[in-house]
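One-letter residues, chain by chain:
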Amino acid sequence: MKSSLKCNCGQRIFTRDVMQQGFYVRRFGPSFVYLKFRCSRCKKLGEHYVKQEDWDAGMLKDGALEISGSEKVQFESMGKITIDEMISFHYELENLEGLEKIADGIVREVENES
Ligand SMILES: [Zn+2]
């Protein structure tokens, strides 16, 4: 049984409730995955810090399927967002000069994949 993230009211938090996700790298001690969410039941905003070693993207998955079969195949072929990807995104954000650069980077990434 995977661990799950919960709101203070006890409601489980799923991917669709997450408004912001980040990664905190600390020089000493464990790094953390940061999640900001809005609870689907009580509508309150909350935050979670999950130790990197405890983090699993499956924590946010709903057992009930809510995407279509073709989407599921597409998402699965893309794979999970790995910690490495989150770390590189974190550093890219730090080096960011403007939104144009992000858009440019995304376009280039798509071209490279094909
Ligand atoms: Zn709640």
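These numbers were taken from a predicted model, which means no experiment stands behind them. (Residues numbered from 1 in each chain as written. Predicted model: local features only at pLDDT ≥ 70, side-chain atom pairs only at ≥ 80, totals over all residues.)

Peer 1: Just give me the short version of the nonpolar core, but keep the residues and values in it.
Peer 2: Cys7, Ile13, Val33, Leu35 and Phe37 together form the largest nonpolar core, which totals five residues. Not counting the four nearest positions on each side in its chain, Ile13 is found in contact with Leu5, Lys6, Cys7, Phe37 and Leu60. (Core = buried A, V, L, I, M, F, W, Y, C linked by C-beta atoms within 7 Å. Buried ≥ 20, exposed ≤ 12 C-beta atoms within 10 Å, placed from the backbone. Contact = placed C-beta atoms within 7 Å.)

Peer 1: Break down the sheet that holds strand β3 (residues 45–51) for me, citing the residues and quoting the values.
Peer 2: Reading across the sheet, the three strands line up as β1-β2-β3 and stay open at both edges, with antiparallel pairing between neighbours. Looking at which strands have only one partner, the edges of the open sheet turn out to be β1 (18–24) and β3. For this sheet, the mean angle separating the axes of adjacent strands, direction not counted, is 15°. Inspection of the sheet shows β1 paired to strand β2 (residues 32–38) by six bridges, in the antiparallel sense. In the sheet register, Gly22 faces β2, and the bridge partner there is Tyr34. (Pairing = 2+ DSSP bridges. Helix = DSSP H or I, 4+ residues; strand = E, 2+ residues; numbered from the N terminus. Axes fitted to C-alpha atoms, helices over the stretch in contact; angles between N-to-C directions.)

Peer 1: Give a detailed account of the environment of Tyr24, specifying residues and quantitative values.
Peer 2: For Tyr24, the location among the structural elements is in strand β1. Classification of Tyr24 as exposed rests on a count of 12 C-beta atoms within 10 Å. As a C-alpha pair, Tyr24 and Gln52 span 28 residues in sequence and 9.1 Å in three-dimensional space. The residues contacting Tyr24, other than those within four sequence positions of it, are Ser31, Phe32 and Tyr34.

Peer 1: Talk me through unusual backbone geometry; I want residue IDs and the actual numbers.
Peer 2: In this structure, Lys43 takes a positive phi of about 65° despite not being glycine. Looking at the secondary structure, you find Lys43 in the loop between β2 and β3. Of the residues examined, Lys43 has 9 C-beta atoms within 10 Å and is grouped as exposed.

Peer 1: Outline helix α2 (residues 83–94), supporting the account with residue identities and numerical values.
Peer 2: For α2, which comprises twelve residues, the first-to-last C-alpha distance of 17 Å matches the rise-based estimate of 16 Å (1.5 Å per residue) to within 8%. α2 sits mainly on the outside: zero of its twelve residues count as buried. (Expected span 1.5 Å × (residues − 1).)

Peer 1: Tell me about the pairing of β3, and please be specific about residues and values.
Peer 2: Remember that side chains alternate between the two faces of the sheet whenever the strand is regular. Within β3, only zero of the seven residues are buried, which leaves the element largely exposed. Here β2 pairs with β3 via seven bridges, running antiparallel. Note on β3: the bridge partner recorded for Arg38 is Leu45. The antiparallel hairpin formed by β2 and β3 contains six residues in its connecting segment, where Lys43 sits at a positive phi of about 65°.

The values reported here are purely geometric and, on their own, carry no functional implication.
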